[in-house]
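# Close look at the chain arrangement
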Amino acid sequence: MQSSKRAQASEHVPTQSPVASGAPTHGRSAGRTDAAPDLEKRTSDEVTVVDPAMVRRAVSAAALGNAMEWFDFGVYSYIAVTLGHVFFPSGNPTAQLLSTFGAFAAAFLVRPIGGMVFGPLGDRIGRQKVLAITMIMMAAGTFAIGLIPSYATIGVGAPILLLAARLVQGFSTGGEYGGASTFIAEYAPDKKRGFLGSWLEFGTLAGYVGGAGLVTLMTALLSTHDLNAWGWRIPFLIAGPMGIIGLYLRMRLEETPAFAQLEKEARTQEKARREAEKRIGLREMVFGQWRAMLLCVGLVLVFNVTDYMLLSYMPSYLTSELKYDETHGLMVVLGVMVVMMGVQPFAGRLSDRFGRRPVIAAGCAGFLVLSVPALLLIRQGSLVAIALGMGALGLLLVCFTAAMPSTLPALFPTKVRYGSLSIGFNISVSLFGGTTPLVVTALIGATGNKMMPAYYMMAAAVIGGIAVWRMSESARRPLPGSPPAVETEAEAREIVRASRAAGAGSAA
């Protein structure tokens, strides 16, 4: 299937399929006209003309993997109280909840290791192959949780097995987000990268909605005894068929145009240079990109602290700290996520039109100013007040979920993009995002101050604002190390024509 085309400076405009290493490329004229017979001979620029059908398949496959990851995280968070009863000794309910969130946070400790393994591997053997591997591991880890016997059945073996399954999930997830966002970013045309990237987090929200909806339904239909006995297993066992579907979609994808071009260039260069490009070490991915890595950590910090606070921690906060009815609390969060899904693509378009920096900066400013008022509304306890407070935080979070999937890949060049992004993303998530429920629960327990969630989000917003201030705008621009990407051959010819004019002006 012809999935992308290359408008290149040569005697004609060749095309190239974004296939895996070693696959042949094909050339033909990309709409040359008699009016400009030697247009392409006058410039050294190259332009990628994307195939819309392949882009849709790439976005769908990447988003489904993200949905599956967050389906599990959503279920784990929303059913945390039940998991505490199932996997940990009876006694103090707060201690059970802390133990459950401790197992939740443990998975994030191995995410950087997964990023260090899968990220460089994705830059070396290709994005598509590694994303297929992470899909298999995620599905297996989640499915395994649904098979673990309870603490009452096998004693201490139950929490140990739970922890092992969570570590498998965390290791595989270390290569998921960086690869999925890189995959979409390298397929997307420059002017629509924000819109198409926003569908990755649409998958996140869809996974959360699926997890929350299923838990809410089970909570409403099952007795506490049945939920503790067997009902909690259902969401985790669903991961098996979901993983098979996701793997099928990802195996049908071809490699991204940017990586395919890197492979092509490597094959035409001397062996030493090819090996240097193919085997970039962790030192180059981290220290060679130190400025971009720091920006990545800061942006991911505000993104994930607010994300995990709202979507993972708040259901338990409503139940355990505010003594709010569990079913009603879950339904409020579910409604907020549905609203976020509806707004998500439009916010992605805004980031294409006005830029990534203004959209992300608006989110940081909003969390800095509105976190306290929103939490005060939530603490009022009425359904309307909780919905308004959660809704305000959800709309602010969309500023991050819509813009980050296109912002983060643009921080790094093609040859280290998967690896550097995976490492930076997962270090930040592990230290700050995934630990949010555990840290905030502990802070409330130590201080007795139930406003801690607001203060935590405000601190994250300050750090995120500094990162936005220092980052460069990337909207409607090519990815670093990649040629311009457009939707039509007419746009490609226009870019070549503009480059020709610019080159003629420089020569004059």
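## What to know about the side chain of T306
Locating T306 in the fold gives a position in helix α16 (residues 290-321). T306 has contacts with F367, L397, F400 and M457, leaving out every residue within four places of it along the chain.

## A few points about a nonpolar patch on the surface
A cluster of nonpolar side chains, L368, V369, L370, V462, I466 and W469, forms an exposed patch at the surface whose accessible area comes to about 590 Å². For I466, a relative accessible area of 47% puts it in the partly exposed group.

## Here we look at helix α19 (residues 383-407)
Taking 1.5 Å as the rise per residue, α19 with 25 residues should run 36 Å; its terminal C-alpha atoms sit 36 Å apart, in good agreement. Along α19, the largest kink reaches about 25 degrees and is centred on L397. Across the 25 residues that make up α19, a large majority, 18, are buried.

## So, helix α18 (residues 356-380)
Over its 25 residues, α18 runs 35 Å from end to end, which matches the ideal 36 Å to within 8%, given 1.5 Å per residue. The largest bend along α18 measures about 55 degrees and falls at L370, with the proline P373 one to four residues further on. The set of residues buried in α18 consists of R356, V359, I360, G363, C364, G366, F367, S371, A374, L375 and I378. Immediately beyond the C-terminal end of α18, within one or two residues, lies G381, with a positive phi of roughly 95 degrees.

## Looking at the pairing of strand β2 (residues 46-50)
Burial analysis of β2 places five of its five residues in the buried class, which makes it a mostly covered element. Inspection of the sheet shows β2 paired to strand β3 (residues 485-486) by two bridges, in the parallel sense. Looking across to β3, one finds that V49 is bridged to V486.

## Some thoughts on the nonpolar core
Ranked by size, the top nonpolar core spans 111 residues in total, and within it M337, F400 and L408 carry the most contacts. Ranked by residues supplied to this core, first place goes to α16 with 17 residues. Apart from residues lying up to four places away in sequence, F400 is in contact with V302, F303, T306, I360, G363, C364, F367 and P405.

## A few points about the confidence of the model for the protein chain
Counting all residues, the mean pLDDT for the protein chain is 79, and 81% of those residues have values of 70 or more. Predicted confidence is poor over residues 1-45, with pLDDT under 50, and the contacts of this stretch with residues over four places away or in other chains come to 120 contacts. For the stretch residues 270-274, pLDDT sits under 50, and the model shows three contacts to residues farther than four places along the chain or on other chains.

## So, the state of the cysteines
Counted according to the given criterion, the structure contains zero disulfides. Not engaged in a disulfide, the cysteine C399 finds its nearest cysteine sulfur in C364; these two sulfurs lie 8.8 Å apart.

## Re the pattern of salt bridges
Under the counting rule described, the total for this entry stands at seven salt bridges. The partner of E491 in a salt bridge is K191, and the shortest N-O contact between them spans 3.1 Å. With E491 in helix α23 (residues 489-507) and K191 in the loop between α8 (176-187) and α9 (193-221), this pair connects stretches of sequence that are 300 residues apart. A residue is classified by how much of its surface remains accessible, and K191, at 32% relative accessible area, is partly exposed. Notably, a salt bridge pairs K192 with E487, separated by 3.1 Å at the nearest N-O pair. Remark: E487 occurs in the loop between β3 and α23 and K192 occurs in the loop between α8 and α9; sequence separation between them is 295 residues. On the accessibility criterion, K192 (29% relative accessible area) is partly exposed. Connected through shared salt-bridge partners, K191, K192, E487 and E491 make up one network.

## A word on the packing of helix α5 (residues 127-145) against α8
In contact at an axis separation of 10 Å, α5 and α8 are set at 140 degrees when each is read in the N-to-C sense. Between α5 and α8, the angle falls in the class oblique. As for the relative orientation of α5 and α8, their crossing is left-handed in sense. The residues of α8 that touch α5, namely those facing R127, Q128, L131, T134 and M138, are E176, G179, A180, T182, F183 and E186.

## Points about the packing of α18 against helix α22 (residues 452-470)
Running from N to C, α18 and α22 point in directions that differ by 160 degrees, and their axes come no closer than 9 Å. Accordingly, the angle class assigned to the pair α18 and α22 is roughly antiparallel. The two elements α18 and α22 cross, and the hand of that crossing is left-handed. Seen from α18, the contacting residues are R357, I360, A361, C364, F367, L368, S371, V372 and L375; seen from α22, they are P453, A454, Y455, M457, M458, A461, V462, G464, G465, V468 and W469.

## Focus: unusual backbone geometry
Of note in this structure, R476 is not a glycine but carries a positive phi near 60 degrees. Along the polypeptide, R476 turns up in the loop between α22 and β3.

## Looking at the packing of aromatic side chains
Across all of its chains, the model carries ten aromatic pairs by this definition. Ring centres 5.2 Å apart and planes at 75 degrees place the aromatic pair F87 and W232 in the edge-to-face group. Here the residue F87 occupies a position in helix α2 (residues 80-87), and W232 occupies one in the loop between α10 (224-231) and α11 (233-237), the gap between them amounting to 145 residues. Both residues of the pair, F87 and W232, belong to the buried class. Here the aromatic rings of W199 and F202 are separated by 4.7 Å at their centres, their planes lie at 55 degrees, and the arrangement is tilted. Residue W199 and its partner F202 are both found in helix α9; the two are separated by three residues, about one turn of the helix. Overall, W199 belongs to the partly exposed group, its relative accessible area being 28%. Here the aromatic residues F87, W232 and F236 are joined through ring pairs into a cluster of three or more. Geometry around F195 places R349 over its ring, the cationic atom sitting 3.9 Å from the centre. Sitting above the plane of the W469 ring, R470 keeps its charged end 5.4 Å from the centroid.

## Some words on the environment of L247
Checked against the element boundaries, L247 lands in helix α12 (residues 239-251). Leave out the neighbours within four places in its chain, and L247 touches A132, M135 and I136.

What counts as what
What you see as residue numbers is a count from 1 along each chain, following the sequence as written. A pLDDT threshold of at least 70 governs which residues receive local features in this predicted model, and a stricter bar of 80 or more applies before side-chain atom pairs are shown or counted, although totals over entire chains, interfaces and linings include all residues. Heavy atoms from the whole structure form the basis of all side-chain values; hydrogens and water molecules are not counted. Helix and strand labels come from DSSP, where a helix needs a run of H or I of at least four residues and a strand needs a run of E of at least two; each type is numbered from the N terminus. Only heavy atoms enter the contact rule, under which two residues are in contact if any of them lie within 4.5 Å. Residues enter patches when their relative accessible area tops 30% and they take part in no salt bridge; the joining distance is 9 Å for like charges and 5 Å for the nonpolar side chains Val, Leu, Ile, Met, Phe, Trp and Tyr. What sets the accessible areas is the Shrake-Rupley method with a 1.4 Å probe; for residues, cover comes only from the shown protein chains. By definition here, a salt bridge exists when the distance from a side-chain nitrogen of Lys or Arg to a carboxyl oxygen of Asp or Glu is within 4 Å. The rule is simple: take the accessible area with a 1.4 Å probe, protein chains only, and divide by the maximum for that residue type; under 20% is buried, over 50% is exposed, in between is partly exposed. Under the convention used throughout, the expected extent of a helix is 1.5 Å for every residue step, that is, one less than its residue count. For a residue, the bend is simply the angle between two axes, fitted respectively to the seven-residue segment ending there and the seven-residue segment starting there. Note on pairing: DSSP must find at least two bridges between two strands before they are called paired. By convention a nonpolar core is built from buried Ala, Val, Leu, Ile, Met, Phe, Trp, Tyr and Cys residues, the set being connected through side-chain atoms within 4.5 Å. In predicted models, pLDDT denotes the confidence assigned by the predictor to each residue on a 0 to 100 scale. Defined by distance alone, a disulfide is two cysteine sulfur atoms within 2.5 Å. As a rule, the C-alpha atoms of each element are fitted with a line to give its axis, helices using only the stretch in contact, and angles between N-to-C directions run from 0 to 180 degrees. An angle below 35 degrees is treated as roughly parallel, one above 145 as roughly antiparallel, one from 65 to 115 as roughly perpendicular, and anything else as oblique. Crossing handedness follows the turn of the near helix against the far one: under a right angle anticlockwise gives a left-handed crossing, and clockwise gives a right-handed one. Within 6.5 Å between ring centres, the rings of Phe, Tyr and Trp (the latter by its six-membered ring) count as paired, and their orientation is classed by plane angle as stacked under 30 degrees, edge-to-face over 60, tilted in between. A ring has a charge above it when a Lys NZ or an Arg CZ is no more than 6 Å from the ring centre and no more than 35 degrees off the ring normal.

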